[in-house]
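Analysis of the macromolecular model
Here is what each chain is made of, one letter per residue.
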Amino acid sequence: MTAVIVSTAPAASLRTDAVVIGIARSSKGLALAPGAEDVAMAYDGSLVELLGTLGMTGAEGEAIRLPAPASTKTGFLLAVGLGDVVDDGPYDAETLRRAAGVAARSLSGTGTAALALPARTIDAVEALALGGVLGAYAFTGYRTSDDGRAPVGELVILTDPESRTAAAAAVARAKVVGQELNRARDLVNMPANDLYPESFAATVQSVGQTYGLQVEVLDETALAEGSFGGIIGVGQGSASPPRLVRIAHTHPEARTHLAFVGKGFTYDSGGISLKPVGFNEIMKRDMSGAAAVFAAVVAVARLGLPVNVTGWLALAENMLSGSATRPGDVLRMYGGTTVEVFNTDAEGRLVLADALVRASEDKPDAIVDVATLTAAMKMALGYRIFGVMSNNDTFRDRVLDAARRTGEEAWPMPLLAQLLTGLTSQVADIANSGERMGGGLAAGLFLQEFVPTGLPWAHLDIAGPAFHEGSPYGYTPQGGTGSAVRTLIELAQDVVQRPPHAVDTGDTGECHVRRPRSADHVPAGPRRHRGRPEALRPLRTGHRHT
């Protein structure tokens, strides 16, 4: 794991394997970014000209190595592009995060490197530290040979003596966020033969115990006893039974309670509505929402934020077999609502519905669900932006603002009332899928049906950015990205100062919301479940700790 430390020494005087500098572009050509002035002096004023000769343009993502002068104590220089020059004020935090990420990736196999990049503010220091930790990430647990390209061993962030204490605290915060985000990446990258609902739940229990978190695991028996029809129905086709995991951070000074709900399909075949060829290969990623929720709750606990945060991980495998739910089956959800399954590949909303109703029983001040829910969201927003839907404009904007501040790209999406008619069922309260056009929005409308009226709620569809199949860029690797982890942590930090119930005024009025049935209401009549003809009990009567 890459270490990150703070130093107040000049870059040229540090004994390191490498020094990283920033190069920006301006109308007059290349420009040296602040922080590397003493390094430039060692090149007798010709450093920028030399980099231009080597073809550097200063664009973001560029990285060029060159030998260090004998007068310095470093092995080589790494110049990274920062984009357009900033004449006044600090560089944008996301620009610095990406530059540090490019540097960390380029420094694989290096021992120690000093980041002589613009770190004029504490926010800039934190951005560099986080970008470095994220950029150094590599998933190598399944490789049997060492290619000699281990992550950079140590990154040194340079700051002035007056800011050393605050800078060290900022680095400590960044390391926690980076480590937990990388934990989410590890989980997303794990193959489904090693990460399945039971093993995922065991991981949560182990980590929860390490950091003093409350963890409760409902196994398949407890889920059936509690009438969690969505989770049981989707998971019953797999040899690996489902789990619902509750992980909670409580703080004695908390005035606000947030609930995070994550979709956790450790593998999604599409069920009987089988996914087409070419779509199954990366379906281990379908638990990215649960991984994000897990990582965010642990990070909030490690940071000691004075807010209560409860994470709900709805874990299952969606497989096809003789016991799998079929198109046309009706599931009775937790709370009593009945759902006709039109499409077994629209399964994420079924497990989220159960978890949303259960999470709302703890009476949180706001609730956020995170899911790789629909291919339609990728069609709408591409691969780098996640969509945000909400029943409350004010709360939606707070989520979007939290994403912006952390460098995550998000976009508001509407909940259009007319699409709700497409979810009409002739035999049940609602169907799980409707019209193909606007499918991502229809999924949000379905979930909204399971959120109590007046409770601020946001739905994050991270289908696009959760898993990156292209070449690495910035601090983003191939594979799992940890999408939404930073947004959730930032939102938890934000509500410490401004609780949702103190500033949010209620529903937007964009769409009618039906309050879920009370937990003691169950439609009459028997229900089929794994060959059992009797109706399931309407209330969760017990649970098991696995």
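Please refer to the structure higher up on the page.
Residues numbered from 1 in each chain as written. Predicted model: local features only at pLDDT ≥ 70, side-chain atom pairs only at ≥ 80, totals over all residues. Heavy atoms only, no water.

**Some words on the overall build of the chain**
Counting its secondary structure elements, the chain contains 15 helices and 20 strands. Here the chain has a C-alpha radius of gyration of 25 Å; the compact-globule value for 546 residues is 24 Å, and the two agree. When its C-alpha atoms are laid out on the principal axes, the chain stretches across 85 × 50 × 45 Å. Taken over 546 residues, the chain has a buried fraction of 59%. At a minimum sequence separation of 6, the contacts of the chain that also span at least 24 residues come to 79%. For the chain, the exposed area adds up to about 21200 Å²; of that, 51% sits on carbon and sulfur atoms. Within the chain, the 58 negative side-chain charges are centred at a point lying 3 Å from the centre of the 48 positive side-chain charges. (Helix = DSSP H or I, 4+ residues; strand = E, 2+ residues; numbered from the N terminus. Rg over C-alpha atoms; globule rule 2.2 N^0.38 Å. Buried < 20%, exposed > 50% of the residue type's maximum accessible area, 1.4 Å probe, protein only. Contact = heavy atoms within 4.5 Å. Areas by Shrake-Rupley, 256 points an atom, 1.4 Å probe, with all protein chains shown as cover. Lys, Arg positive; Asp, Glu negative; His and termini not counted. Charge placed at Lys NZ, Arg CZ, Asp CG, Glu CD.)

**Some words on the pattern of salt bridges**
Opposite charge on two side chains permits them to pair, given that their charged atoms come into close proximity. Inspection of every chain in the model, using the stated rule, returns 23 salt bridges. For arginine 405, the salt bridge identified is with glutamate 490, shortest N-O distance 2.9 Å. You can see arginine 405 sitting in helix α12 (residues 393–406) and its partner glutamate 490 sitting in helix α14 (residues 485–497), a full 85 residues away along the chain. We classify glutamate 490 as partly exposed; its relative accessible area is 23%. Note that arginine 498 and aspartate 494 form a salt bridge whose closest N and O atoms lie 3.4 Å from each other. What makes arginine 498 partly exposed here is its relative accessible area of 36%. Using a relative accessible area of 11% as the deciding quantity, one classes aspartate 494 as buried. Connected through salt bridges with shared partners, the residues Glu60, Glu94, Arg97 and Arg98 form a single ionic network. (Salt bridge = Lys/Arg side-chain N within 4 Å of Asp/Glu carboxyl O.)

**Digging into the nonpolar core**
Ranked by size, the top nonpolar core spans 103 residues in total, and within it Leu107, Phe200, Phe260, Leu313 and Leu460 carry the most contacts. With residues near it in sequence (within four places) discarded, leucine 313 still touches Phe200, Val204, Arg243, Leu244, Val245, Ile247, Gly262, Ala290, Val293 and Phe294. (Core = buried A, V, L, I, M, F, W, Y, C linked by side-chain atoms within 4.5 Å.)

**Considerations on the sheet that holds strand β17 (residues 430–431)**
The three strands lie next to each other as β12-β13-β17, forming an open sheet whose pairing is mixed. The outermost strands of the open sheet, each flanked by one partner alone, are β12 (330–332) and β17. As judged from the three bridges shared by β12 and strand β13 (residues 338–340), these two strands associate in the antiparallel manner. Directly across from leucine 331, in β13, lies its bridge partner valine 339. (Pairing = 2+ DSSP bridges.)

**Description of the environment of asparagine 280**
For asparagine 280, the position within the fold is in the loop between β10 (257–268) and α9 (288–303). Separated by ten residues in the primary sequence, asparagine 280 and glycine 270 place their C-alpha atoms 8.5 Å from one another. Aside from chain neighbours lying at most four places away, what touches asparagine 280 is Tyr267, Asp268, Ser269 and Lys275.

**Let's talk about helix α10 (residues 348–360)**
Taking 1.5 Å per residue as the helical rise, α10 with its 13 residues ought to reach 18 Å, and the 18 Å between its terminal C-alpha atoms agrees with that figure. Most of α10 is tucked away, with 13 of its 13 residues classed as buried. (Expected span 1.5 Å × (residues − 1).)

**A look at the pairing of strand β4 (residues 63–67)**
Residues of β4 alternate between two faces, with Ile64 and Leu66 buried on one and Ala63, Arg65 and Pro67 left unburied on the opposite face. As judged from the five bridges shared by β4 and strand β5 (residues 74–84), these two strands associate in the antiparallel manner. Counted as the bridge partner of isoleucine 64 is alanine 79 from β5.

**Points about the sheet that holds strand β18 (residues 457–461)**
Pairing between sheet strands relies on hydrogen bonds along the backbone, with the strands arranged either parallel or antiparallel. A sheet is described by the order of its strands in space; here eight strands give the open sequence β8-β9-β11-β10-β14-β18-β15-β16, paired in mixed fashion. The two strands at the open ends of the sheet, each matched to only one other strand, are β8 (214–218) and β16 (410–412). Shown here is a sheet whose adjacent strand axes are inclined to one another by a mean of 20°, direction ignored. One ladder, built from eleven bridges, connects β10 with strand β11 (residues 308–318); its direction is parallel. The residue bridging phenylalanine 265 from the neighbouring strand is alanine 316, located in β11. Helix α13 (residues 439–448) contacts β14 (366–371), β15 (386–390) and β18 of the sheet and is inclined by roughly 145° relative to β18. (Axes fitted to C-alpha atoms, helices over the stretch in contact; angles between N-to-C directions.)

**Section: the packing of α12 against α14**
Closest axis-to-axis distance for the α12/α14 pair is 8 Å, and the angle between their directions is 115°. Handedness of the crossing formed by α12 with α14: right-handed. Residues Phe395, Arg398, Val399, Ala402, Ala403, Arg405 and Thr406 of α12 touch α14, and the partners they reach there are Arg486, Thr487, Glu490, Leu491, Asp494 and Val495. Classifying every residue of the contact of α12 with α14 by side-chain character gives six nonpolar, two polar and five charged. (Left-handed = near helix turned anticlockwise from the far one by under 90°. Nonpolar A, V, L, I, M, F, W, Y, C, P; charged D, E, K, R; others polar.)

**Points about the environment of tryptophan 312**
Here tryptophan 312 lies in strand β11. You can call tryptophan 312 buried: its relative accessible area is 3%. Placed 43 residues apart in sequence, tryptophan 312 and alanine 355 show a C-alpha to C-alpha distance of 6.6 Å. When neighbours within four sequence positions are excluded, tryptophan 312 is seen to be in contact with Leu244, Val245, Arg246, Phe260, Val261, Gly262, Val293, Arg358, Ala359 and Asp362.

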